[in-house]
Amino acid sequence: MGEARQLDLVFAYYDNPTMLEKHVELWEAMFNLPVRIIVVDDASPNSPAEPILKNTKINLSLYRIEKNIPWNQNGARNLAMRNTSAPWAFMTDMDHTVDVKAVKTMLRMKKKPHHYYVPLREWPNGEPHRRHPNSFLLEPASFWECGGYDEDF
């Protein structure tokens, strides 16, 4: 495409192969978009991400934490954000999906520096649902200006 990457999608993964496979289907539809997927496998003992992701054709960076630290999702998210390189990153949980329409909206929208954006959510029937506190779009520098996630909390 020749365009600079404009968006990184950030996910922390832990032993959820069914959901990761669903994400791969969605990510493969983004092949021609200026997007990179960053996945941090938080030491999954039973179903590591690497075998699921090794044959994909998506723009992907996979990192793996070796030590299985209980409730280390904050550490995994921080590691992912340390490895972003696009001007904007969208972070969400592995049990939330991001489709091509949402990514195109994020790429196209006018974003203000030092702001973060929380997407609207809806149930499959189209009814609105409360916003999710761990799903947001922001500049990686702004993430670090706020201190990132507290890994000891």
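J.: Just to check I follow, could you spell out the pattern of salt bridges for this structure?
T.: This model, assessed by the stated rule, comprises 4 salt bridges. Glu66 serves as the salt-bridge partner of Arg64, at 3.9 Å between the closest nitrogen and oxygen. Owing to a relative accessible area of 37%, Arg64 belongs among the partly exposed residues under this scheme. A relative accessible area of 64% means that Glu66 is categorised as exposed. Here Arg77 makes a salt bridge to Asp93, at a shortest N to O gap of 2.0 Å. With Arg77 in helix α3 (residues 73–82) and Asp93 in strand β4 (residues 88–93), this residue pair connects regions lying 16 residues apart in the sequence. Assessed through its relative accessible area of 9%, Asp93 is described here as buried.

J.: Explanation requested: the environment of Asn32 in the structure shown.
T.: When you line up the elements, Asn32 lands in the loop between α1 (17–28) and β2 (35–41). Judged by relative accessible area, Asn32 falls into the exposed class, the value being 56%. Sequence separation between Asn32 and Asn59 is 27 residues, and the spatial gap between their C-alpha atoms is 9.5 Å.

J.: Just to check I follow, could you spell out the side chain of Ser44 for this structure?
T.: Positionally, Ser44 belongs in the loop between β2 and α2 (49–53). When sequence neighbours within four positions are dropped, the list of residues in contact with Ser44 reads Tyr13, Tyr14, Asp15 and Arg64.

J.: Looking at this model, I keep getting lost on the sheet that holds β4. Mind explaining?
T.: In a beta sheet, neighbouring strands pair by backbone hydrogen bonds and run either parallel or antiparallel. Spatial ordering of the open sheet is given by β3-β2-β1-β4-β8-β5, a layout of 6 strands whose pairing is mixed. Every interior strand has two partners, whereas the edge strands, β3 (60–64) and β5 (116–117), have only one. With 2 bridges connecting them, β5 and strand β8 (residues 136–138) associate as antiparallel partners. Looking at the pairing, Tyr116 lines up with Leu138 of β8.

Reading the values: the criteria
Residues numbered from 1 in each chain as written. Predicted model: local features only at pLDDT ≥ 70, side-chain atom pairs only at ≥ 80, totals over all residues. Heavy atoms only, no water. Salt bridge = Lys/Arg side-chain N within 4 Å of Asp/Glu carboxyl O. Buried < 20%, exposed > 50% of the residue type's maximum accessible area, 1.4 Å probe, protein only. Helix = DSSP H or I, 4+ residues; strand = E, 2+ residues; numbered from the N terminus. Contact = heavy atoms within 4.5 Å. Pairing = 2+ DSSP bridges.

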